[in-house]
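# Structure at a glance
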Amino acid sequence: MADGSTRIFYDDDADLSRLKGRTVAIVGYGNQGRSQALNMRDSGVENVIVGSVRDESWDRAEEDGFRPMPVADAVGAADIVFMLIPDEVAPGVYREEIEPSLGPGKTLNFASGYNVAFGHIVAPDGVDVVMVAPRMIGDGVRSLYLEGSGAPCFVHAHADASGHAWDDCLALAKAIGCTRGGALRVTMEEETYMDLLAEQGTWPLVIAVFLSAYEVQIEAGLPPEAVLLELYASKEPAEVMERVADTGIFDQLRLHSRTSQYGQTTRFEELDKAPIKAFLREALEERIKSGRFDKEWTEAQNSEKPVLEGILERVAKHPIVETEKRLREALGGGAGTNGKE
Ligand code: NAI
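Heads up: these notes are all about the structure in this document. Just so it is clear, the structure is predicted and the values come from calculations on it, not from any experiment.

The rules behind the values
Residues numbered from 1 in each chain as written. Predicted model: local features only at pLDDT ≥ 70, side-chain atom pairs only at ≥ 80, totals over all residues. Heavy atoms only, no water. Patch = residues over 30% accessible without salt bridge, like charges linked within 9 Å, V, L, I, M, F, W, Y side chains within 5 Å. Areas by Shrake-Rupley, 256 points an atom, 1.4 Å probe, with all protein chains shown as cover. Salt bridge = Lys/Arg side-chain N within 4 Å of Asp/Glu carboxyl O. Helix = DSSP H or I, 4+ residues; strand = E, 2+ residues; numbered from the N terminus. Near = heavy atom within 4 Å. Polar contact = N/O pair within 3.5 Å; in protein donor to acceptor, adjacent residues only side chain to side chain. Phe/Tyr/Trp six-rings, centres within 6.5 Å; stacked < 30°, edge-to-face > 60°. Buried < 20%, exposed > 50% of the residue type's maximum accessible area, 1.4 Å probe, protein only. Lys NZ or Arg CZ within 6 Å of the ring centre and 35° of its normal. 1 Å grid on protein atoms, 1.4 Å probe; cavity = no way out; pocket = protein on both sides within 12 Å on 5 of 7 lines; lining within 4 Å. Points joined across faces, edges and corners; volume = space filled by probe spheres on them. Nonpolar A, V, L, I, M, F, W, Y, C, P; charged D, E, K, R; others polar. Core = buried A, V, L, I, M, F, W, Y, C linked by side-chain atoms within 4.5 Å. Contact = heavy atoms within 4.5 Å. Pairing = 2+ DSSP bridges. Axes fitted to C-alpha atoms, helices over the stretch in contact; angles between N-to-C directions. Lys, Arg positive; Asp, Glu negative; His and termini not counted. Charge placed at Lys NZ, Arg CZ, Asp CG, Glu CD. Arc of directions from axis to C-beta. Parallel < 35°, antiparallel > 145°, perpendicular 65-115°, else oblique. Left-handed = near helix turned anticlockwise from the far one by under 90°.

## Some thoughts on a nonpolar patch on the surface
Taken together, the side chains of Leu308, Ile311, Leu312 and Val315 present a nonpolar region at the surface, about 330 Å² in accessible area. For leucine 312, the location among the structural elements is in helix α15 (residues 307–315).

This is the structure we're talking about:
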């Protein structure tokens, strides 16, 4: 929009009858696949089929009343294909089992923009490429649907060979309940950049803040288990974040004591945000948008050594992990439940 605001679409903007007589293949019956398949079936989409490998997802699909089939067979039988397998394996599965059965008139739908944004998957001419990307884990997509509401999502028609890719995209979002919550129009590149910036910018900062706060207090001689309980183990930050989402980042301050409100706002105003912004800007421009992160991660995945496993092992050596263990034991099984579970 010219005013820079996001366009948001709801149930009334979408027409489910567009899916009548068309077969939708869910490729990957995991977190998202199961929820989206069940929602779509409950929305009255008649021909929902499942393409899967023979793992527990296959059995789960059978238990839910679908007749799973190999991915290539499902794609061959489908008009619309939902790519709901992990992003890391998607390019390989796409090349071997999907692309050969994709032809003009078919639609490929993604729940994440990554592989399209970085060119790992390029659909052939004549194929519509759309994105319906729920902003929620699969369980939430299903449970909200059952409650009568729906997960908000990002939608876009990336390639419109048919001339009706956008209308189909909205119909698919409606079928999985996402236009109940609101479908925000965002390109696949934008979705990817926002997603990666949260992962590579916001969350590393949050983790660094918690670890630094822990380290400073331990250095000052404060008792480790108590520091941890105060920091996050009581789940207070989780509750605060829920309030932030519900009422607003500053409005929720009213739920805190006046001492807390004064302390939080004055120090927030004083804080030098320039280094934080510089870190975020660099992550977004130099690493994410430039494709440098994608190259690095692709190399890491192709490496002989298990790169990610090595990093996970290294970070878990932080002393906070031992304190977490001790606190969990001391509080009877769940620090985050205050031992009540
Ligand atoms: P998942 O980790 O639950 O896996 C989905 C399924 O992929 C598994 O059930 C497995 O059977 C299948 N699979 C794995 N390797 C395969 C192969 N080689 N051939 C065929 N099938 C294979 O995946 P998840 O989390 O549901 O993600 C699917 C898509 O949804 C991804 O694009 C992800 O980015 C996107 N997404 C995920 C969200 C989440 O919270 N998990 C939220 C929004 C989008």
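Let us keep going from here.
## Brief notes about the site of the ligand
Taken together, 20 residues are adjacent to the ligand, and Asn31, Gln32, Asp55, Ser57 and Asp87 come closest. Interatomic distance of 3.4 Å between a backbone N/O atom of glycine 30 and an oxygen atom of the ligand. Take asparagine 31: an N or O atom from its main chain is 2.9 Å from an oxygen atom of the ligand.

## Focus: the packing of aromatic side chains
Under the defined criterion, the tally for this structure stands at 5 aromatic pairs. When the ring of phenylalanine 9 is compared with that of tryptophan 166, the centres are 5.0 Å apart and the planes differ by 75°; the resulting orientation is edge-to-face. In this pair, phenylalanine 9 is assigned in strand β1 (residues 8–9) and tryptophan 166 in helix α7 (residues 165–175), connecting sequence segments 157 residues apart. The burial state of phenylalanine 9 is the same as that of tryptophan 166; both residues are buried. Over the ring of tryptophan 58 we find arginine 54; its NZ or CZ atom is 4.0 Å from the centre of that ring. Sitting above the plane of the tryptophan 166 ring, arginine 185 keeps its charged end 4.7 Å from the centroid.

## Notes on the layout of surface pockets
Size it by volume and the largest pocket reaches roughly 1,800 Å³. Lining the largest pocket are 34 residues; nearest its centre among them are Val209, Phe210, Pro237, Met241 and Gln264. Here the lining of the largest pocket takes 11 residues from helix α9 (residues 188–219), the largest share from any one element. Of the residues in the lining of the largest pocket, the class split is 24 nonpolar, 6 polar and 4 charged.

## Things to note about the nonpolar core
Counting residues in each nonpolar core, the largest one holds 37 residues, and the members touching the most others are Ile26, Met40, Phe66, Phe82, Val132 and Val155. Looking at which element gives the most residues to this core, the answer is α7, with 8 residues. If near-sequence neighbours (up to four positions away) are discounted, valine 132 is found in contact with Asn109, Phe110, Ala111, Cys153, Phe154, Val155, Cys169, Leu172, Ala173 and Ile176.

## Structural notes on the sheet that holds strand β4 (residues 80–83)
What the 8 strands build is an open sheet, ordered β1-β8-β7-β6-β5-β4-β2-β3; its pairing is mixed. In the strand order of this sheet, the two ends are held by β1 and β3 (47–51), each with one partner. Across 2 bridges, the pairing between β1 and strand β8 (residues 183–185) is antiparallel. Residue pairing in the sheet places phenylalanine 9 in a bridge with alanine 183 of β8. Its contacts with the sheet put α9 on β5 (107–110), β6 (128–134) and β7 (153–159), and the angle it makes with β6 is roughly 35°.

## Overview of the side chain of arginine 142
Within the element layout of this structure, arginine 142 appears in helix α6 (residues 138–147). One polar contact links arginine 142 to asparagine 39, side chain to side chain, over a distance of 2.8 Å. If we skip the residues at most four places from it in the chain, arginine 142 touches Ser35, Leu38, Asn39 and Asp42.

## Some thoughts on a negative patch on the surface
On the surface, a cluster of negative charge is contributed by Glu230, Glu236, Glu239, Glu242 and Asp246. Here the negative patch takes 4 residues from helix α11 (residues 236–247), the largest share from any one element. In this fold, glutamate 230 is placed in helix α10 (residues 224–233).

## Digging into helix α4 (residues 90–98)
Listed as buried for α4 are Ala90, Pro91, Val93, Tyr94 and Ile98. Burial along α4 is one-sided: seen end-on, the buried residues are contained in an arc of 165°. What points out from α4, more than 90 degrees from its buried face, is the exposed set Arg95 and Glu96. If you follow the buried residues of α4, they end up packed against β2 (23–27), α3 (71–77), β4, β5 and α5 (114–117).

## Some points on the packing of α9 against helix α13 (residues 274–289)
Direction vectors running N to C along α9 and α13 enclose 140°, while the axes themselves pass 10 Å from each other. Compared by their axis directions, α9 and α13 come out oblique. As α9 packs across α13, the resulting crossing turns out to be right-handed. Contact with α9, carried on its side by Tyr193, Leu196, Leu197, Gln200, Gly201, Thr202, Pro204 and Leu205, involves Ile276, Phe279, Leu280, Ala283, Leu284, Ile288 and Lys289 of α13 and no other residues of that element. Grouping the constituent residues of the contact of α9 with α13 by class yields 11 nonpolar, 3 polar and 1 charged.

## Description of the side chain of aspartate 128
Examined against the element boundaries, aspartate 128 turns out to sit in strand β6. Those residues in contact with aspartate 128, other than ones at most four positions away along the chain, are Lys106, Thr107, Leu108, Ala159, Asp160, Ala161, Ser162, Ala165 and Asp168.

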